[in-house]
Amino acid sequence: MSKQASIVVLVSGNGSNLQTILDQCEQGSIYGKVTAVFSNKSTAYGLERAQQAGVDAISLAQGDFADRAAFDAELMTQIDQYQPDLIVLAGYMRILSDNFVQHYAGKMLNIHPSLLPKYPGLDTHQRAIDNGDEEHGASVHFVTPQLDSGPVILQAKVPVFADDTVDDLSSRVQTQEHMIYPMVVQWFCAERLAMTDGKAVLDGKALAQSGYAAD
C-alpha cells in the first residue's frame, strides 16, 4: 500500500491488544493507522484507549437494534465510512453475522487464546488446564463465517504448569498475544499477507494449517 493502511478495531473490553497496535502504529512498526475503534459496550476500556490516542471511539448498543442482522448492518455502514483496509478483532465478544464476515472477507483478523483448531469458543485457559495440556497459546487467524475456524496465520505457544491458575495461564498467553498480533497486522499492511482460496498466504506461499513457522 503506498498509503498507510486504514485499520478499524473492534473491542468489547480492556483492549490490551488494541493498545499494542496503537503503540506500534505510533512508533512506525506498523505501516498503518487506527482510524476508528468500535465497541458493543459503551463501558469498554478499549474506547478510552482510543480516545487517549486521538482515535474515533464509537459504541453501538445491541438493545437499540431488532436483531443481530440489524446491528451488524449498522456497524458495517459506520465502519465503511472509514474505508478500512483491515478490520482487527481485539477481544470482540459478539458472534458476527455471515453477511458481516463476507463483507470483509480476506481483510478481517482475530486473535484467539488457544492453539487452534483446539478450543474454539470460550473458557480456553480452563479447558487447557482441565485436560492436562502441557502447552497452550494463541492463534491469529483470518475470520470466516464458522467461529474461530478461519485459516491460521501465526501461533505462539506457552507451557502449562501443574499449579497454573486460569489467571496465570491467561497472563502468559496475553504476553505472547501482544507480540504476535502486531506482527501479523504489519504483514497485512505491508501487503505480504492475504487470504486466497480459503488459505492464509504469506509472501506468496500458502501457510500450513498451524500458520507460519520460523525455520
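Predicted model, so just to flag it, every value in this text is computed and none were measured.

Rules behind the numbers
Residues numbered from 1 in each chain as written. Predicted model: local features only at pLDDT ≥ 70, side-chain atom pairs only at ≥ 80, totals over all residues. Heavy atoms only, no water. Helix = DSSP H or I, 4+ residues; strand = E, 2+ residues; numbered from the N terminus. Rg over C-alpha atoms; globule rule 2.2 N^0.38 Å. Buried < 20%, exposed > 50% of the residue type's maximum accessible area, 1.4 Å probe, protein only. Areas by Shrake-Rupley, 256 points an atom, 1.4 Å probe, with all protein chains shown as cover. Pairing = 2+ DSSP bridges. Contact = heavy atoms within 4.5 Å. Phe/Tyr/Trp six-rings, centres within 6.5 Å; stacked < 30°, edge-to-face > 60°. Lys NZ or Arg CZ within 6 Å of the ring centre and 35° of its normal. Disulfide = S-S within 2.5 Å. Salt bridge = Lys/Arg side-chain N within 4 Å of Asp/Glu carboxyl O. UniProt positions renumbered as here; feature names shortened; annotations may be inferred.

A closer look at the overall build of the chain
Here is step 1 of the chain: For the chain, the count of helices and strands is six helices and ten strands.
Here is step 2 of the chain: A compact globule built from 215 residues would reach a C-alpha radius of gyration of about 17 Å, and the chain, at 17 Å, matches this within 12%.
Here is step 3 of the chain: By principal-axis analysis of the C-alpha atoms, the chain measures approximately 45 × 40 × 35 Å.
Here is step 4 of the chain: For the chain, the residues scored as buried account for 47% of the 215 residues in total.
Here is step 5 of the chain: Approximately 10,500 Å² of the chain is accessible, and the part contributed by carbon and sulfur atoms is 47%.

Focus: the pairing of strand 9 (residues 199-202)
Here is step 1 of the chain: Note that strand 8 (residues 193-196) and strand 9 share four bridges and pair antiparallel. Across the sheet, residue Leu 193 finds its bridge partner in strand 9, namely Leu 202.
Here is step 2 of the chain: Counted between consecutive antiparallel strands, the loop separating strand 8 from strand 9 contains two residues, among which Asp 197 sits at a positive phi close to 50°.
Here is step 3 of the chain: Sheet topology places strand 9 next to strand 10 (residues 205-206); two bridges connect them, and they run antiparallel. Counterpart to Val 201 in the pairing with strand 10 is Ala 206.

Looking at the environment of Ile 129
Here is step 1 of the chain: If you trace the backbone, Ile 129 turns up in helix 5 (residues 124-130).
Here is step 2 of the chain: Classification of Ile 129 as partly exposed rests on a relative accessible area of 26%.
Here is step 3 of the chain: Apart from the residues within four sequence positions on either side, Ile 129 is in contact with Val 160, Asp 164, Thr 165, Val 166 and Leu 169.

Points about the packing of aromatic side chains
Two aromatic rings are characterised by how far apart their centres lie and by the angle between their planes.
Here is step 1 of the chain: Evaluation of the coordinates by the stated rule reveals four aromatic pairs.
Here is step 2 of the chain: Residues Phe 65 and Phe 71 carry aromatic rings whose centres are separated by 5.4 Å and whose planes lie at 80° to one another, so their mutual orientation is edge-to-face.
Here is step 3 of the chain: Taking the relative accessible area as the measure of exposure, Phe 65 reaches 23% and is therefore partly exposed.
Here is step 4 of the chain: Seen from the ring of Phe 71, Arg 94 lies directly overhead, with NZ or CZ sitting 3.9 Å from the centre.

Regarding the state of the cysteines
Disulfides are covalent bonds that link the sulfur atoms of two cysteine residues.
Here is step 1 of the chain: Per the stated rule, a full pass over the model turns up zero disulfides.
Here is step 2 of the chain: Here Cys 25 stays unpaired: no disulfide links it, and the sulfur of Cys 189, its closest cysteine neighbor, is 6.6 Å away.
Here is step 3 of the chain: A residue is classified by how much of its surface remains accessible, and Cys 189, at 1% relative accessible area, is buried.

Things to note about the pattern of salt bridges
Here is step 1 of the chain: One pass over the structure, following the stated rule, counts six salt bridges.
Here is step 2 of the chain: Note that Asp 133 and Lys 118 form a salt bridge whose closest N and O atoms lie 3.2 Å from each other. With Asp 133 in the loop between helix 5 and strand 6 (135-142) and Lys 118 in the loop between strand 5 (108-112) and helix 5, the pair connects residues that are 15 residues apart, well separated along the chain.
Here is step 3 of the chain: Overall, the relative accessible area of 12% leaves Asp 133 in the buried class.
Here is step 4 of the chain: Residue Arg 192 is joined to Asp 203 by a salt bridge in which the shortest nitrogen-to-oxygen separation is 2.7 Å.

Concerning the UniProt feature "active site" (unreviewed entry) in the chain
Here is step 1 of the chain: When the UniProt feature table is mapped onto this chain, "active site" (unreviewed entry) is found at His 112.
Here is step 2 of the chain: Structurally, His 112 can be placed in strand 5.
Here is step 3 of the chain: Owing to a relative accessible area of 3%, His 112 belongs among the buried residues under this scheme.
Here is step 4 of the chain: Sequence-distant contacts of His 112, that is, excluding residues within four places in its chain, are made with Tyr 119, Pro 120, Gly 121, Thr 124, Gly 137, Ala 138, Ser 139, His 141 and Asp 148.

Structural notes on unusual backbone geometry
Here is step 1 of the chain: Residue Leu 116 is joined to Pro 117 through a cis peptide bond whose omega torsion reads 10°.
Here is step 2 of the chain: Mapped onto the elements of the fold, Pro 117 is located in the loop between strand 5 and helix 5.
Here is step 3 of the chain: In the Ramachandran plot, Asp 123 falls in the positive-phi region, its phi being about 55° despite a non-glycine side chain.
Here is step 4 of the chain: Within the secondary structure, Asp 123 sits in the loop between strand 5 and helix 5.
Here is step 5 of the chain: Residue Asp 123 is classed as exposed on the basis of its relative accessible area of 60%.
Here is step 6 of the chain: Despite not being glycine, Asp 148 shows a phi value in the positive range, around 55°.
Here is step 7 of the chain: Along the polypeptide, Asp 148 turns up in the loop between strand 6 and strand 7 (152-159).

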